[in-house]
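Listed below, chain by chain, are the residues.
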Amino acid sequence: MITKILAVLTAFEFVFIFYLETLKTDSEKTASTFGMEVSALKNPNMNVAMKNQGVYNLGIAVLIVVSLFVPGKIMLASLMTYIVFVAAYGAMTVNKSILLKQGGLAILTLISLLF
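All chains use their own residue numbering, which begins from 1 and follows the written sequence. Reporting of local features is limited, given that this is a predicted model, to residues whose pLDDT is at least 70; pairs of side-chain atoms are given and counted only at 80 or more, and all residues count toward the totals for whole chains, interfaces and linings. As a rule here, side-chain values cover all heavy atoms of the structure and leave hydrogens and water aside.

Draft legend 1. A look at a nonpolar patch on the surface. Together, M1, I5, V8, L9 and F12 give the surface a local cluster of nonpolar side chains, amounting to about 530 Å² of exposed area. Here the term buried applies to any residue with accessible area under 20% of the maximum for its type, exposed to any over 50%, and partly exposed to those in between, with areas from a 1.4 Å probe on protein chains only. Judged by relative accessible area, L9 falls into the partly exposed class, the value being 40%. Patch criteria: residues need more than 30% relative accessible area and no salt bridge. Like-charged residues are merged within 9 Å; nonpolar side chains of Val, Leu, Ile, Met, Phe, Trp and Tyr are merged within 5 Å. Note on areas: Shrake-Rupley with a 1.4 Å probe; residue coverage comes only from the protein chains shown. Salt bridges are defined as contacts in which a side-chain nitrogen from Lys or Arg sits within 4 Å of a carboxyl oxygen from Asp or Glu.

Draft legend 2. Structural context of the nonpolar core. Grouped together as the largest cluster of nonpolar side chains are 14 residues, with contacts concentrated most on F14, I60, I64, L76, M80, I83 and A106. For this core, the leading source of residues is helix α5 (residues 74–93), giving five residues. Note on contacts: a residue pair qualifies if any of its non-hydrogen atoms lie within 4.5 Å across the two residues. When near neighbours in sequence (up to four residues on either side) are disregarded, I83 contacts T10, F14, I60, I64, Q102, G103 and A106. The criterion is simple. A nonpolar core is a set of buried Ala, Val, Leu, Ile, Met, Phe, Trp, Tyr and Cys residues joined through side-chain atoms within 4.5 Å. Helix numbers and strand numbers start at the N terminus; a helix is a DSSP run of H or I with at least 4 residues, a strand a run of E with at least 2.

Draft legend 3. Structural context of the layout of surface pockets. Estimated volume of the largest pocket: approximately 880 Å³. Grid spacing is 1 Å over the protein atoms alone, the probe is 1.4 Å, and a cavity is where that probe fits but cannot get out, while a pocket is an open set with protein on both sides within 12 Å along at least five of seven lines and lining residues have an atom within 4 Å of a point. Forming the walls of the largest pocket are 30 residues, and the residues nearest its centre are I17, E21, F34, I98 and Q102. Elements represented by at least two residues in the lining of the largest pocket include exactly α1 (2–23), α2 (28–34), α4 (44–67), α5 and α6 (98–114). The element contributing the most residues to the lining of the largest pocket is α4, with seven residues. Grid points are joined across faces, edges and corners, and a volume is the space filled by probe spheres set on the points.

Draft legend 4. Spatial organisation of the environment of L105. Take L105: it is sitting in helix α6. In sequence terms L105 and V84 are 21 residues apart; their C-alpha atoms lie 9.1 Å from each other. If we skip the residues at most four places from it in the chain, L105 touches L6, L9, T10 and E13.

Draft legend 5. Quick look at the packing of aromatic side chains. Here a Phe, Tyr or Trp ring, Trp counted by its six-membered ring, pairs with any other such ring whose centre lies within 6.5 Å, and the pair is stacked when the planes are under 30 degrees apart, edge-to-face when over 60, and tilted otherwise. Per the counting criterion, the structure on display carries one aromatic pair. A ring pair is formed by F16 and Y19, whose centres lie 6.3 Å apart and whose planes are at 25°; its orientation type is stacked. Here F16 and its partner Y19 are both found in helix α1, three residues apart, which amounts to about one turn of the helix. Overall, the relative accessible area of 35% leaves Y19 in the partly exposed class.

Draft legend 6. Spotlight on α1. Expected helix span is taken as 1.5 Å per residue step, with the number of steps being one fewer than the number of residues. Helix length check: α1 (22 residues) gives 31 Å between terminal C-alpha atoms against 32 Å at 1.5 Å per residue, within 8%. Looking at α1, one finds that the buried residues are T3, L6, A7, T10, A11, E13, F14, I17, F18, L20, E21 and T22. Those residues of α1 hidden inside the fold are in contact with α2, α4, α5 and α6.

Draft legend 7. Looking closely at α5. Between the first and last C-alpha of α5 there are 28 Å, a value that for 20 residues agrees with the 28 Å anticipated at 1.5 Å per step. Along its buried surface, α5 packs onto α1, α4 and α6.

Draft legend 8. Layout of the side chain of Q102. Positionally, Q102 belongs in helix α6. Look past the residues within four positions of Q102 in its chain and what remains in contact with it is E13, F14, I83, V86 and A87.

This is the structure we're talking about:
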């Protein structure tokens, strides 16, 4: 049960990222969340890139929910591992806090899958 709760929270996190990147692309909240200037987010190329990335994040959220209905744990474990690797890459290339901000719930979900 704890694993499912953590997985759903992770899915909600990715829906929120989708919301920020796709629906509120150049808002103050999006700028502060990603450590960017609103003016940079208003750049047409950046705006389109953010919206595209948001759609990918929504896809991850949907796959997490679907994985809860698939027998076994391999799909959920694979998704959580992917999320942790992407968060680790973001931590190495952008900001160390990304590891826990984006990967924290996925890490907890992976740990709960072990028990």
